[in-house]
Amino acid sequence: MHNIRKITEDLFYVGASDRRLALFENVYPVPNGVSYNSYLLLDDKTVLLDTADASVSQLFFDNVCAALNGRQLDFLVVNHMEPDHCALIADLLLRYPSVEVVSNAKAIAMIKQFFPQAKDFNFRIVSEGDVLCSGRHTLHFVMAPMVHWPEAMVTFDSADGILFSADAFGTFGAIGGHLFADQLDFDRNCIDEARRYYTNIVGKYGVQVQSLLNKAASLDIKMVCPLHGPVWRSNIGYFVEKYSCWSSYKPELHGVLLVYGSIYGNTANAADILAAKLADKGVGSIAVYDVSKTDVSVLVSEAFRYSHIVLASSTYNNGIFTPMENFLLDLKAHALQNRTFAIVENGTWAPQSGKLMRSILESMKNITVVEPVVTIKSAVGIAQMDTIETLASAIVGQMQ
C-alpha cells in the first residue's frame, strides 16, 4: 500500500525510508535509518524528480502509481546519479516507456554506464540556466558539481520557490511521520545527524558547496526538498547558515574535543586529566571520545564542530595507534582545516606517535599545533602532570 505525502497542492513526496540499513554507502552507521526522497509534480505535464534506492523499490513504485492516479509520467529529472537515488531509473522506464529523462550531459553519461538499456531512453540534455516548463511550473537547472559527485545539479521551481537540492541539505535518519523539519525540533533532535551527514558525505568539497550557496542566494527560495531527510519550509536560513559554517571550515563551537587512543588505559587517563584541568580553567565545552569505540564518522563530525582538538595516542608498532591514525587520515581526506590541535603521546620504550601525528597535521591546511607536546612513558607521573598543566594553560591561552 502506498504512503504518499502532500507537500503543496500539486507536489507530492513519493520517497520511502529504510530502517534496516546498517551502513550508508557501506561505511557510515545509520542507527535511525535513512530516507530516499523523491518528489512528483502534477502539473499539465507530470514531473518526477529523482527515483530511489533499490531497497525501497516496491513502496516507491506504489507511491508513484498512486500519486499519478492513472496519469502518464512525462518527465524524469535526474539531479544526482548515485545509486541510492538512481537505482530505479531502468525499472521506471519499463513502466513508463514514454518518459523523457532530463539531466545534464555528465549525468546522462553515467546513466548509460549504469544501465546498458539507456541507449533507448529518450533524453533531454540541460545545462546551467536551462528551463523546463510543465505548465504552471518552470523548473530552472543549476549545476552543482562535486556536491558531492561531478554530475550533481539542483532544480529550482520558480513558481513556488522550491529548491530540489539533491544531496545538499540532507540528513541521516528515516522519515518518522513528520515530513517537515519544523515539526522535529531540528536543532535539538536532528542537527548532529545533519552535521555527520554533511561532514562525511560532502565535507571535502567546501569550495564547491560555497559556490552552490552563492548561486542559491540569488534565488527566492521558500522551500528546500533534499534527497535525504526532512523538507524545509520555514527557518531555512538556519540550515543555510550551518552549511555556510561547515563548508568554510569554521568551528561551530568554541571548545575542546579530546580524542584518545589507549591500549591499557594510561593514555586515556592522561586525556581525562587534561580534560579536568581544562574544565578547572573555565573551558565550558569539552567532549572526550575513545577513538577505538567511537565510529570515525562521529569523530569527523565532532572535529568539524569544535575549534580545538587534542589527540592523545599510544605508540603502536612504532607508529600511531591504528584507530587514531585512521581518524587522522580521515580528517585529512575530508579537508578539515582552520583548527588548533594539541598532542599527547605515549610509548613505553620509544614514544613515536607524537611526531607522526604532527607530520600528518602539517600536511593539512591552516593547522596550528599548541606546545608543549606531552610525552608519557607507560603511565602519567609527576613530571607529566606538570606538563599536562602547562599544556592546559597553553590551550586556554590560545582560546582567549
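The following refers to the structure shown. (Residues numbered from 1 in each chain as written. Predicted model: local features only at pLDDT ≥ 70, side-chain atom pairs only at ≥ 80, totals over all residues. Heavy atoms only, no water.)

Details of the packing of helix α6 (residues 191-202) against helix α8 (residues 236-247)
Next up, step 1: Running from N to C, α6 and α8 point in directions that differ by 40 degrees, and their axes come no closer than 11 Å. It follows from the interaxial angle that α6 and α8 lie oblique. Taken as a pair, α6 and α8 cross one another with a handedness that is right-handed. Counted together, I191, A194, R195, Y197 and Y198 of α6 and Y238, F239, K242, Y243, W246 and S247 of α8 form the full contact between these two elements.
Next up, step 2: Among the residues forming the contact of α6 with α8, the class breakdown is eight nonpolar, one polar and two charged. (Axes fitted to C-alpha atoms, helices over the stretch in contact; angles between N-to-C directions. Helix = DSSP H or I, 4+ residues; strand = E, 2+ residues; numbered from the N terminus. Parallel < 35°, antiparallel > 145°, perpendicular 65-115°, else oblique. Left-handed = near helix turned anticlockwise from the far one by under 90°. Contact = heavy atoms within 4.5 Å. Nonpolar A, V, L, I, M, F, W, Y, C, P; charged D, E, K, R; others polar.)

Overview of the side chain of T294
Next up, step 1: Mapped onto the elements of the fold, T294 is located in the loop between β18 (286-290) and α10 (296-305).
Next up, step 2: Here D290 takes part through its backbone oxygen, which lies 3.0 Å from a polar atom of the side chain of T294.
Next up, step 3: Among residues more than four places away in sequence, those in contact with T294 are Y289 and L299. (Polar contact = N/O pair within 3.5 Å; in protein donor to acceptor, adjacent residues only side chain to side chain.)

Some remarks on the sheet that holds strand β2 (residues 11-13)
Next up, step 1: Here we have seven strands laid out as an open sheet, ordered β1-β2-β7-β8-β9-β10-β11, and mixed in their pairing. A single partner strand is all that each edge strand has here, and the edge strands are β1 (5-6) and β11 (122-125).
Next up, step 2: In this structure, strand β9 (residues 75-77) lies alongside strand β10 (residues 100-103), joined through three bridges in parallel fashion. Among the inter-strand pairings, L76 is bridged to a residue of β10, identified as V101.
Next up, step 3: On the sheet, helix α1 (residues 57-68) packs against β7 (39-42) and β8 (46-49) and is oriented at approximately 10 degrees with respect to β7. (Pairing = 2+ DSSP bridges.)

Overview of the packing of aromatic side chains
Two numbers describe a pair of aromatic rings. These are the distance of the centres and the angle of the planes.
Next up, step 1: Applying the stated criterion to the full structure yields 21 aromatic pairs.
Next up, step 2: One aromatic cluster in this structure is built from F169, F186, Y198, W232, Y238, F239, Y243 and W246.
Next up, step 3: One Lys or Arg, R95, reaches over the ring of F61 and ends 3.8 Å from the middle of that ring. (Phe/Tyr/Trp six-rings, centres within 6.5 Å; stacked < 30°, edge-to-face > 60°. Lys NZ or Arg CZ within 6 Å of the ring centre and 35° of its normal.)

Some words on α1
Next up, step 1: Helix length check: α1, at twelve residues, gives a terminal C-alpha distance of 16 Å against a target of 16 Å (1.5 Å per residue), a fit within 8%.
Next up, step 2: Where α1 is concerned, the buried positions are F60, F61, N63, V64, A67 and L68. Axial view of α1: buried residues confined to an arc of 155 degrees, hence all on one face. (Expected span 1.5 Å × (residues − 1). Buried < 20%, exposed > 50% of the residue type's maximum accessible area, 1.4 Å probe, protein only. Arc of directions from axis to C-beta.)

Examining α6
Next up, step 1: Under the 1.5 Å per step criterion, the end-to-end length of α6 is 15 Å for twelve residues, consistent within 8% with the ideal 16 Å.
Next up, step 2: Looking only at α6, the buried set comprises I191, E193, A194, R195, R196, Y197, Y198, T199, N200, I201 and V202.
Next up, step 3: Contact partners of the buried residues in α6: β4 (23-24), β5 (28-29), α5 (186-189), α7 (206-216), α8 and α10.

A short note on the pairing of strand β21 (residues 339-346)
Next up, step 1: Of all eight residues making up β21, eight are buried, and the element is well covered by its neighbours.
Next up, step 2: Residues of β21 alternate between two faces, with R339, F341, I343 and E345 on one and T340, A342, V344 and N346 on the opposite face, all of them buried.
Next up, step 3: Pairing between strand β19 (residues 306-316) and β21: seven bridges, direction parallel. Opposite S313, over in β21, you have E345 as the bridge partner.
Next up, step 4: Sheet analysis places β21 next to strand β22 (residues 367-376), joined by seven bridges and oriented parallel.

Focus on unusual backbone geometry
Next up, step 1: For the bond running from V147 to H148, omega is 0 degrees, close enough to zero to count as cis.
Next up, step 2: With omega at 5 degrees, the peptide bond leading from E371 into P372 counts as cis.
Next up, step 3: Looking at where P372 falls in the secondary structure, it is placed in strand β22.
Next up, step 4: For N235, which is not a glycine, the phi torsion comes out positive at approximately 50 degrees.
Next up, step 5: Within the element layout of this structure, N235 appears in the loop between β16 (223-225) and α8.
Next up, step 6: Even without being a glycine, N366 presents a positive backbone phi close to 55 degrees.

Brief notes about the pattern of salt bridges
Next up, step 1: Using the criterion set out here, one finds 16 salt bridges in the structure.
Next up, step 2: The partner of E9 in a salt bridge is K6, with the nearest N and O atoms 3.3 Å apart.
Next up, step 3: Judged by its relative accessible area of 67%, E9 falls in the exposed class.
Next up, step 4: K6 sits in the partly exposed class, given a relative accessible area of 45%. (Salt bridge = Lys/Arg side-chain N within 4 Å of Asp/Glu carboxyl O.)

Topic: the sheet that holds strand β15 (residues 162-164)
Next up, step 1: The strand order β12-β13-β14-β15-β16 describes an open sheet built from five strands, whose pairing is mixed. Both edges of this open sheet fall to β12 (131-133) and β16, since each of them pairs with a single strand only. Direction aside, the axes of adjacent strands within the sheet are offset by 20 degrees on average.
Next up, step 2: Examined bridge by bridge, strand β14 (residues 153-157) and β15 share three bridges and lie antiparallel to one another. Paired with T155 across the bridge in β15 is F164.

Keep in mind these numbers describe shape, not what the thing actually does.
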